[in-house]
Every structure is written in C-alpha cells, then in structure tokens.
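What follows is the residue order along each chain.
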Amino acid sequence: MKSILSSRLIQSLGRGLGYCVSSLQHLLMRAAVAISLKLCLFTARTLLNASARPQS
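Let me begin by describing the structure that accompanies this report. It should be emphasised that the depicted structure is a prediction, and the values quoted were computed from it without experimental measurement.

Rules used in this analysis
Residues numbered from 1 in each chain as written. Predicted model: local features only at pLDDT ≥ 70, side-chain atom pairs only at ≥ 80, totals over all residues. Heavy atoms only, no water. Helix = DSSP H or I, 4+ residues; strand = E, 2+ residues; numbered from the N terminus. Rg over C-alpha atoms; globule rule 2.2 N^0.38 Å. Buried < 20%, exposed > 50% of the residue type's maximum accessible area, 1.4 Å probe, protein only. Areas by Shrake-Rupley, 256 points an atom, 1.4 Å probe, with all protein chains shown as cover. Polar contact = N/O pair within 3.5 Å; in protein donor to acceptor, adjacent residues only side chain to side chain. Patch = residues over 30% accessible without salt bridge, like charges linked within 9 Å, V, L, I, M, F, W, Y side chains within 5 Å. Salt bridge = Lys/Arg side-chain N within 4 Å of Asp/Glu carboxyl O.

Right, let's talk about the overall build of the protein chain for a bit. Along the backbone of the protein chain there are 1 helix and 0 strands. The C-alpha atoms of the protein chain give a radius of gyration of 24 Å, which is well past the 10 Å a tight globule of 56 residues would have. Referenced to the eigenvectors of the C-alpha coordinate spread, the extents of the protein chain come out at roughly 85 × 10 × 5 Å. Taken across its 56 residues, the protein chain has 0% of its residues classed as buried. Counting only carbon and sulfur atoms, one obtains 70% of the accessible surface of the protein chain, whose full area is about 5500 Å².

Set out below in structure tokens:
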C-alpha cells in the first residue's frame, strides 16, 4: 500500500513539475518573440531615418 501511495505521489509531483516547466518555457518564448519584434521595429526605424536624411 505504501509503495502505491508513494508511486502516485511521485507521478503527481512529476506531472506538476512538467506543467511548471512547460508554463515557464511558454512564458520565455513569448518574451523572446516580443523582444525580437521590438528589435525589428527599432532596426526598421533606424534604417528609415538614416535613408530619409539627405546624403552629403
């Protein structure tokens, strides 16, 4: 009986840990996408501003 309870406990802990890792991975991926988009917009603005200036 004890081994069944400990086995279930370990399985539950494993599932909980897997859920936490999955949630953290999802959050980090969303942050990476947001940072990439901001960097893309910054680069585009910089290039557009540089090309709009008169060349001497």
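The subject of this paragraph is the environment of Thr-43. Of note, Thr-43 is situated in helix α1 (residues 2–52). Thr-43 sits in the partly exposed class, given a relative accessible area of 37%. A polar side-chain atom of Thr-43 sits 2.8 Å from the main-chain carbonyl oxygen of Leu-39.

Nonpolar side chains collect at one region of the surface, where Leu-24, Leu-27 and Leu-28 lie side by side and expose about 320 Å² of accessible area between them. If you trace the backbone, Leu-28 turns up in helix α1.

Turning next to the environment of Leu-13. For Leu-13, the location among the structural elements is in helix α1. Measuring from C-alpha to C-alpha, the distance between Leu-13 and Leu-39 comes to 39 Å, with 26 residues separating the pair along the chain.

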